[in-house]
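Analysis of the macromolecular model
So the chains spell out like this:
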Amino acid sequence: MLAMVLATPRPAEERPLELRQVPQPVPGPGEVLLRVSACGVCRTDLHTVEGDLTLPLLPLVPGHQVVGTVVDAPADADRALLGRRVGVAWMAGACGVCSFCREGNENLCPDARFTGLHAWGGYAEQVTARADFTYPLPDAFPDDQAAPLLCAGVIGYRALRLAGALTGGRLGIFGFGASAHVAIQVATHLGAEVYVYTRARRHRAHAEELGARWVGAPGDTAPALLDRAVIFSPAGEHVPAALAALRPGGTAVCASVTMSDIPRFPYGLLYGERRVSSVANATRRDALELLALAERIPLRTSVESLPLADANEALLLVKRSEVTGALVLRP
Ligand SMILES: [Zn+2]
Ligand SMILES: [Zn+2]
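Residues numbered from 1 in each chain as written. Chains lettered and ligands numbered in written order. Predicted model: local features only at pLDDT ≥ 70, side-chain atom pairs only at ≥ 80, totals over all residues. Heavy atoms only, no water.

1. Concerning the overall build of the chain
For clarity, the cut-off: The way it works is that DSSP assigns letters per residue, a run of H or I at least four long becomes a helix, a run of E at least two long becomes a strand, and they are numbered from the N terminus. Only the C-alpha atoms count toward the radius of gyration. The rule for a globule is 2.2 Å times the residue count to the power 0.38. Exposure is judged per residue with a 1.4 Å probe applied to protein chains only, and the accessible area is read against the type maximum: over 50% gives exposed, under 20% gives buried, and values in between give partly exposed. Contacts are assigned to residue pairs that have any heavy atoms within 4.5 Å of one another. Values of accessible area rely on a 1.4 Å probe in the Shrake-Rupley scheme; residue burial ignores everything except the protein chains shown. Charge assignment: positive for Lys and Arg, negative for Asp and Glu; neither His nor the chain ends contribute. Taken as the charge centre is NZ of Lys, CZ of Arg, CG of Asp or CD of Glu, depending on the residue.
Along the backbone of the chain there are nine helices and 17 strands. For a compact globule of 331 residues, the expected C-alpha radius of gyration is about 20 Å, and the chain comes in at 19 Å, within 12% of that figure. On the principal axes, the C-alpha backbone points of the chain span a range of 55 × 40 × 35 Å. The buried share among the 331 residues of the chain stands at 53%. Counting only contacts in the chain whose residues sit at least 6 apart along the sequence, the fraction spanning at least 24 positions is 68%. For the chain, the exposed area adds up to about 13900 Å²; of that, 51% sits on carbon and sulfur atoms. Of the charged side chains in the chain, 31 are positive and 33 negative; the average position of the first set lies 5 Å away from that of the second.

2. Considering the pairing of strand β1 (residues 2-6)
Filter applied, for reference: Strand pairing is assigned whenever DSSP detects at least two bridges linking the two strands.
When you tally the buried positions in β1, you get four out of five residues, the bulk of the element. By the bridge criterion, five bridges tie β1 to strand β2 (residues 17-21) in an arrangement that is antiparallel. From the neighbouring strand, L2 faces β2, where its bridge partner is Q21.

3. Some thoughts on the packing of aromatic side chains
To keep things clear, this is the line we draw: Classification of ring pairs uses Phe, Tyr and Trp, with its six-membered ring standing for Trp, and accepts pairs whose centres are within 6.5 Å; under 30 degrees between planes counts as stacked, over 60 as edge-to-face, and the remaining range as tilted. Two conditions define a charge sitting above a ring: the NZ of Lys or the CZ of Arg must be within 6 Å of the ring centre, and it must be within 35 degrees of the ring normal.
Applying the stated rule across the entire model yields five aromatic pairs. Here the aromatic rings of F174 and Y197 are separated by 4.2 Å at their centres, their planes lie at 5°, and the arrangement is stacked. On the criterion of sequence distance, the pair formed by F174 in strand β10 (residues 169-174) and Y197 in strand β11 (residues 192-197) is long-range, its members being 23 residues apart. No difference in accessibility class separates F174 from Y197, as the two residues are buried. Aromatic ring contacts, followed pair by pair, group F174, Y195, Y197 and W214 into a single cluster. Between the NZ or CZ atom of R284 and the centre of the ring of F133, over which it lies, the distance is 3.8 Å.

4. What about the pairing of strand β13 (residues 226-231)?
Across a regular strand the side chains alternate sides, sitting on one face of the sheet and then on the other. To keep things clear, this is the line we draw: Call a crossover right-handed when, viewed with both strands pointing away from you, the route from the first strand across the helix to the second goes clockwise.
Along β13, six of the six residues are buried, which leaves the element largely enclosed by surrounding structure. Pairing geometry for β10 and β13, over four bridges, is parallel. Opposite F174, over in β13, you have I231 as the bridge partner. Inspection of the sheet shows β13 paired to strand β14 (residues 246-254) by five bridges, in the parallel sense. Along β14, the bridge assignment pairs I231 with C254. For the segment spanning β13, helix α7 (residues 238-245) and β14, crossover handedness is right-handed.

5. Concerning the pattern of salt bridges
Rules: In what follows, salt bridge is the name for a side-chain nitrogen of Lys or Arg lying within 4 Å of a carboxyl oxygen of Asp or Glu.
Under the defined criterion, the tally for this structure stands at 17 salt bridges. Linking E14 and R10 is a salt bridge whose minimum nitrogen-to-oxygen distance equals 3.7 Å. A relative accessible area of 29% means that R10 is categorised as partly exposed. A salt bridge links R284 to D132; the shortest N-O distance between them is 3.9 Å. With R284 in helix α8 (residues 284-296) and D132 in the loop between β8 (126-130) and β9 (134-136), this residue pair connects regions lying 152 residues apart in the sequence. By relative accessible area, R284 is classed as partly exposed at 24%. A cluster of three or more residues bridged by salt bridges with shared partners is formed by E106, R130, D132 and R284.

This is the structure we're talking about:
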């Protein structure tokens, strides 16, 4: 099969991925084989190819928002999946027995494995995945529209949940990329008023189009105090800014995998029982809930599709924030 392979991590400008013919993957026990029809491009893929993350497996095929059809399911228990269209997300597996897994926080499992990091991902024509970490996808979503739900969408959903934003109220969103453009639709559907802080003109227009009550630049003051905030941007200076915008008892959640250092800020910004949290990965429950909501709302994902061979260009667009909504690769 063809795959975009990372041999040595390098800056995206140096085109680190190479289109190669590689052996077809063989599903192990409990795994299924998918023929990939679309794979979303995530900022984490950029951190992977540039070597910001520790890479336990090289060479590596990145990609963890995979939509595909199950074409092989060796275990009897998984035969029902044959011919089904499913999604594969960032979590490739968890141990199932540690205290985190038993409490429903498998996203924090110390033995968690990730797609496109510990296992080859979806920048390829085929991929294997643990059957119990695949998700049936709502029929209403074409392949490319479904792909960004699997990480951008699910992480945004978990961030909303941790912020307490699934019950309405005033929600601030800092940064407006792939995750935020899904989160705003979920939050407004559930009754939230959404206030968006973003600099780029096209991101502001996009936020307004998707129902933002107010759109401003970072540093502007929203017309009301926020009940909660989700910081999608990887810029640490948004943390004190979000705290300053929160009412007492409000929560700010950082949804990025990496973030620049948070500048020093006076204790008065945190006082008043304000909270700051992060999001680390997402559970299967998050994915199933988001996919069910996606169909009910129904969510609209803004997607730009590129051929698989253009994965390097796609990562550069993500690096330069030159994407409105989400990018998807089609093998
Ligand atoms: Zn575990
Ligand atoms: Zn991701």
